[in-house]
Protein chains: 2
Amino acid sequence: MPSPSRLYQLYNHWMMRTATYFFIFLNLSLALFEEPAVYPLPFLATSVLEVLCLLVFLGRLTHFAKVTLHNVFWKDTKNICIMVAILLSLTDLAVYGVLRLYDVRSIRWSRIVRPIFLINFAESRQIRRAFRSIRNTLPEITYVFLLFMFSLLMFSLMALKLFGERNLQTAEGLPYFRNYLEIVFDLYVLVTTANSPDVMMPAFDFSSWYALFFIAFVIVNTYIFMSLFLAVVYNNYKKHLKNEIRKLAYMKRRKMIEAFNLLKEEEGEQFVVREARWKQLVKLVAPDTSNSHRELLLRISDDEQKGFVDKKSFMQLADLLNIQVVTLKIRRHPLARRLPALYGSAPSRLLRSVVRHRAFVWTYDAIILVNAIFIALDEESPYVSYAEWVFLALYIIEILLKVYTYEPREFFGKTQFWNWFDTLIIFAALTATILNATLKSTMKYNSQQILDIVLILRVLRLIRIVDSIQRFQVIMNTLINIVPTMLTFGGLTLVVYCVFAIIGMELFHGKIQYFPANSNAPHALECGNPALKDSLFARGKYCKNNFNDFASSFIVLMELTVVNQWHVFANGFANVTVQPAKLYFIAFHIVMVIIIVNIFVSFILEAFFVEYSLEKSEVETAIEQKIQELGMGVQEDELHHEQLLDNMESAEHELEGEGGTKSQSKGLVFKIASKPSSPLPPQPFCVPCLHEPPSGDTALVAEVVLCQDTCFPFSFLYGLCIPAALDHGGTIPPFLWLGYRTVDALLQRMFEAEIPLEDEGPSFEEILNLSPSSVPRSPGSESAA
Amino acid sequence: MPSPSRLYQLYNHWMMRTATYFFIFLNLSLALFEEPAVYPLPFLATSVLEVLCLLVFLGRLTHFAKVTLHNVFWKDTKNICIMVAILLSLTDLAVYGVLRLYDVRSIRWSRIVRPIFLINFAESRQIRRAFRSIRNTLPEITYVFLLFMFSLLMFSLMALKLFGERNLQTAEGLPYFRNYLEIVFDLYVLVTTANSPDVMMPAFDFSSWYALFFIAFVIVNTYIFMSLFLAVVYNNYKKHLKNEIRKLAYMKRRKMIEAFNLLKEEEGEQFVVREARWKQLVKLVAPDTSNSHRELLLRISDDEQKGFVDKKSFMQLADLLNIQVVTLKIRRHPLARRLPALYGSAPSRLLRSVVRHRAFVWTYDAIILVNAIFIALDEESPYVSYAEWVFLALYIIEILLKVYTYEPREFFGKTQFWNWFDTLIIFAALTATILNATLKSTMKYNSQQILDIVLILRVLRLIRIVDSIQRFQVIMNTLINIVPTMLTFGGLTLVVYCVFAIIGMELFHGKIQYFPANSNAPHALECGNPALKDSLFARGKYCKNNFNDFASSFIVLMELTVVNQWHVFANGFANVTVQPAKLYFIAFHIVMVIIIVNIFVSFILEAFFVEYSLEKSEVETAIEQKIQELGMGVQEDELHHEQLLDNMESAEHELEGEGGTKSQSKGLVFKIASKPSSPLPPQPFCVPCLHEPPSGDTALVAEVVLCQDTCFPFSFLYGLCIPAALDHGGTIPPFLWLGYRTVDALLQRMFEAEIPLEDEGPSFEEILNLSPSSVPRSPGSESAA
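Residues numbered from 1 in each chain as written. Chains lettered and ligands numbered in written order. Predicted model: local features only at pLDDT ≥ 70, side-chain atom pairs only at ≥ 80, totals over all residues. Heavy atoms only, no water.

Participant: Please explain the packing of aromatic side chains as it appears in this structure.
Facilitator: The relative placement of two aromatic rings is captured by the distance of their centres and the angle of their planes. In this structure the tally under the stated criterion is 107 aromatic pairs over all chains. Taking NZ or CZ as reference, A:Arg60 lies 3.8 Å from the ring centre of A:Tyr11, over its face. The cationic tip of B:Arg108 hangs over the ring face of B:Tyr96; the distance from NZ or CZ to the ring centre is 5.7 Å. (Phe/Tyr/Trp six-rings, centres within 6.5 Å; stacked < 30°, edge-to-face > 60°. Lys NZ or Arg CZ within 6 Å of the ring centre and 35° of its normal.)

Here you go:
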């Protein structure tokens, strides 16, 4: 049997993780192939696939149990959840299969437990946190909701009394405001504004004064109560986020102190970490750091070059490593090395200076604008389609010229989002256009799909113009920065949609059919269901919005999330089944719109505020200062795009081999990567929690492992990998997936600025028990304990 | 001629202010009587009224000029604005009148300047601040808006290319996505979700994959961009609010120091204010304070009873006066004084203990619930209408019993919102019911209006049940507390509505007519306009939504604010006039929904957060401590509603005459008024700014006037009433209306907690020039400079 640490590394191998995700999504997407199916597969096939998925989950869980302490594993509700879910799924599958053999149709109810795997596999930390945030918000939301319901019921009662006996009719000729429950539903819909002003018109036509009733209703319920919901959700979101961040920050500090205590040696009157050990540690912890970068960090930590790092500087190590320092080097273009005469010749130099000129960018901006006009013009004219080739050629020439002028490796550097974007879009467009032209000329056939893709790519090309305007760049970068965390909400939405889609399919499957416009089927105009005759649903031609398969259900749920016309859906589906079916739609509205969309908005607000308030942290300033002191800096304002691309490149592994301590060549400069550095989400990084206490001195260093992303030094504390336990779900799983960033990291930094360096924070147990209510006043001063 | 200070007091007299408001609203409501009128009046009448209003405004302005320094008055843009508006109105009125004589109809364009009077009369400080906040937000909003428009145009281009040549049709049989500008409009409407999912259905019916286009569109534009708008507005709102609050807080401190310097006398090594002078000051500044209250404050300020107040304690005076201390006194029921034998008899005592018992409240809660059921039941049955009398009687008995048990003056105390609410509702219902019954029996006639009012009052009675549940009470109190500031948004909305209504009437007046259901008029179903045949507008029976008079315009604008179906309105009105008329609706959406509603939501969010984070301030704690020390306190938890009402009453003027220093009778207790103290907005309080430098020592004290609400000591600084200049509009008007509260006061308190007492703040000039950008990081730590 392999050693626990080998097993552990295997568990965290990216392939294992990818495989787990693959099976989670396979399991979720089985709904596409099961009855009612988008792409029907025999029951045997889907059940074999499901069993396979469940076995994989079981295997993953067993693997996890092997690398975790026994009592820790069994205390974790996540693991219990997964086991129960596997058991339920298998039982249900067996029962369903047996009943099927006897031709008894039962409900595959276990399908709603499938999202549990997405939530509970340890990698989905973010989604779990979002769920925790929802759970924590529920009590407060409930009170506001009850008050809101009370207000709704009161207004409904008033409406019944005021309008109930007037014999009014709606625009569809139906009785208006007669039945109390229907009034409650209609006014609930009005809160979502979906039936405004229709619901008011009959009363308003009767007497203008009745408009005041609806105005009062909208002000109280739509404006005040809905804002109150956002306020409650946002307040809780902030409170809990801050609490978790505070825990993380204290935890990090504790861990750094522990690491220091492990590595410290006496030096005069104080304990310090000596240079050699420090370097060894950094090499272990961040093997990708270049020698020169390491040297720079040492210079900052050991300011006076005394040959050791004191406690205070050592504590900063995590932050230092966290800051992306780009090692820039003046590097010549490969052509300049291969063909110096040609590359250095007068025409070549002229060409390059033309490309580097600001007017070059402007020219291409103008070309993009002209292109936009051509795209908007009629496709049919041959000139326009020739022009398309011209534009494509112009864009390709632009890219080639830039690669000729700038160093190619820098041009396609990791942080050059727009260059990558441009190139990919252009070459995809080129490929698709050529493919389309070939198909057209050889097979006289226009592939609709390819044409659509060509069209979309053509328009996407125009987006680049945004990058030319500084102000837009800032907003765009903010948006790009919050994309990774936004994916969490994608996950959250996926879970809610899956559950509701599966319930919706059970409730409404087959009740509504879609027939193409020229169909002769009976009741084709009423979506195949006479109950929908004259309904708004049929009149709006909504027949294709049904729960007949998993994909359609998702689209219906998306439309319900957007809210508008949701009452038409609710009434339509209630007409073809039973009236209480409306509850399904109300429940979805409460869960999705009142809770999840509000959390999403809270998240955007918070992310935006943090991005806006972001300043360079103290540590960053220290690094910059040191870079400047050493005369190796690049002024931020010198760093115009073109100049930077021109003769510098980011080299992270470049100097690895050179090794020497003071070997910074003259051409070498550093700069701190600017805020919106990488459009790619950071790599997840896992930190092992070892079972054995360390044996010797050298082992110590090896086991104090810093996590590059959130910077926990994981010391040998037997079985005490606390940070993972922050993940309230259970207790202490032996690894951490720290692949989250942006808002968290920024908040953490802001929080840290508030704890004095001397403050070692509370003990581990206290940290774990920190509650949001102990966070001091939330909106105001954020000073910690 | 009266003295400047008499003139000044006259200017600030509540009657003068009320009169000004009356004429402002009269001027605004003239639109109701002018063509197109709700209640037509001859042109002569409305123009005489308008001239009268303008003369009043001119008079008010002249009065204002008299009490202000000359150069100050002319530097203030507000005053210039008012003068220009008066001039414009008069000119327009004259031109219109003359042209009318010659039967030439022109446009009364000057009507849009009328809201200027509402904005610019100095009392509307809050509305001006809101406008300033909007102005400050505009640049940032503009960038986001441009990016949003770019995204919209890109998506529209894609939509044109993807769907333009498919020959699809909308549900109404119109061509789908053919014209670029129409696509832009349709997709803009989709951003507001008003035409979802209708706008998607034709493409979705054609191919399910096209749903992805709309999903991407909604995510990017509706969810991300709209949240971004909220974030930008909220961020700016907070930033500017905090800046103003910071200025106020510094200003207050400066003024307190000045007041101290005026009043100080040497005492040993320090300067102090002696007791007599201190008392004189407090009496001047807060004449309503009772002697015992003043004594209490002195005890807090002069902790060791040394006979003087030192600088540090003096600085707190403003805050001390700001805290509502209720002087409670054990007081006997008037009946107990008049008829002690009867009131003290066994049955009377039993009765009172029954009323005081918790079960009494529960019984009445139960009665309310039963009442709710009876209200929901059919009115026609005679038993139900008899029951109504029974319930009314029960409620009246309840009130009588309570007045019998509790001291009446306390029962109707200023802070007893629910008692007032109950009594008013019940007696209004009683009056209306009796009136209705009388009309019915004598004239066999049911007045619809009275019946409606009875019905509404009957339902409103039920609201009282909310007050029985603690959690709901908290939320309700928060809501009640933010009502005064919410009125600002009422003012803001009024201004925007007025302007848009007047423009809308010019554009769309008479184009759409409403005919009752059984009308035989031509095109009655098409709102009297054949251009609306088959339009959604006519089909939705929206004919009564028109711009034919001022009131109807307001209702249409309200419906546009709610957003849903606004595209139907836009299309309808564009059909009956010209297509560019849609711009009017888009402009209204941008101004009202994107800017003002977002500011409103920001305001609710901020108010809610502040209310939630409210704790007792240091000063409050000090007062409470002192009250406890002196043994005159009431434990907060003892202060149950019933007990308090039973034998205590708030007496603010009660001890005025007694005078003695240590005369607190045994029955006298204090308590700090609990947070949600008064549902009524605080009284505005004006602070004169005197022209002459003070002459003597006694005058000094008289002129150091503290404003009770925001507590500025206005010293004699010649013409330097700075706080008013905070009102950026102009420079330095000579008075301040400080009638705002809640959020501001709370924020100020929070900010003050962050400035150390020693910090005297920057100089006046620096304070005035503080910019929001110098406020440190906004969402995070709010520590001030």
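Participant: Please explain a nonpolar patch on the surface as it appears in this structure.
Facilitator: A grouping of A:Trp74, A:Ile80, A:Val84, A:Leu88, A:Ile107 and A:Trp109 is seen on the molecular surface, where their side chains present a nonpolar patch of about 540 Å² in accessible area. Relative to the assigned elements, A:Ile107 resides in the loop between helix H5 (77–101) and helix H6 (115–120). (Patch = residues over 30% accessible without salt bridge, like charges linked within 9 Å, V, L, I, M, F, W, Y side chains within 5 Å. Areas by Shrake-Rupley, 256 points an atom, 1.4 Å probe, with all protein chains shown as cover. Salt bridge = Lys/Arg side-chain N within 4 Å of Asp/Glu carboxyl O. Helix = DSSP H or I, 4+ residues; strand = E, 2+ residues; numbered from the N terminus.)

Participant: Quick question: what am I supposed to make of the pattern of salt bridges here?
Facilitator: All names here are of chain B. Counting across every chain of the model gives 38 salt bridges over all chains. The residue Arg 108 makes a salt bridge to Glu 34 at a minimum N-O spacing of 3.8 Å. With Arg 108 in the loop between helix H5 (77–101) and helix H6 (115–120) and Glu 34 in the loop between helix H2 (14–29) and helix H3 (43–66), this residue pair connects regions lying 74 residues apart in the sequence. For Arg 108, a relative accessible area of 7% puts it in the buried group. (Buried < 20%, exposed > 50% of the residue type's maximum accessible area, 1.4 Å probe, protein only.)

Participant: I keep staring at the nonpolar core and nothing clicks. Help me out?
Facilitator: Grouped burial of nonpolar side chains is what soluble globular proteins tend to show. By size, the foremost hydrophobic cluster in this structure holds 326 residues, and its most contacted members are A:Phe214, A:Trp566 and B:Phe214. Not counting chain neighbours up to four residues away, the residues in contact with A:Phe214 comprise A:Phe163, A:Tyr176, A:Phe177, A:Leu187, A:Leu190, A:Val199, A:Met200 and A:Ala203. (Core = buried A, V, L, I, M, F, W, Y, C linked by side-chain atoms within 4.5 Å. Contact = heavy atoms within 4.5 Å.)

Participant: What exactly am I supposed to notice about the sheet that holds strand E3 (residues 308–310) of chain A here?
Facilitator: In sheet architecture, strand pairing relies on hydrogen bonds along the backbone and comes in two forms, parallel and antiparallel. All names here are of chain A. The antiparallel open sheet is built from 3 strands, whose spatial order is E1-E2-E3. Sheet topology places strand E1 (265–267) and E3 at the edges, where each strand pairs with a single neighbour. The sheet shows a mean angle of 55° between the axes of neighbouring strands, direction not considered. Pairing analysis gives 3 bridges linking strand E2 (residues 270–274) to E3, with the strands arranged antiparallel. (Pairing = 2+ DSSP bridges. Axes fitted to C-alpha atoms, helices over the stretch in contact; angles between N-to-C directions.)

Participant: Even after reading the chapter, I still don't get the interface of chain A and chain B, so can you show me in this structure?
Facilitator: In many reports, interface size means the accessible area that the parts give up when they come together. Taken together, the contact pairs 101 residues of chain A with 99 residues of chain B. Between chain A and chain B lies a buried interface of about 9,200 Å² when both sides are counted; carbon and sulfur atoms form 71% of it. Our count for the contact surface shared by chain A and chain B stands at 2 salt bridges. Taking the shortest distance from any N to any O, the salt bridge between A:Asp452 and B:Arg166 comes out at 3.1 Å. Taken together, the links from chain A to chain B amount to 23 residue pairs in polar contact (both at pLDDT 80 or more). Among the secondary structure elements, those contributing two or more residues to the side of chain A that touches chain B are helix H7 (125–163), helix H9 (201–206), helix H10 (211–263), helix H18 (358–376), helix H22 (448–460), helix H23 (470–508), helix H25 (550–562) and helix H27 (582–612) of chain A. If you tally residues by element for the side of chain A that touches chain B, the top one is H10(A), at 13 residues. (Buried area = accessible area lost by both parts, 1.4 Å probe. Polar contact = N/O pair within 3.5 Å; in protein donor to acceptor, adjacent residues only side chain to side chain.)

On their own, these measurements won't tell you what the molecule is for.
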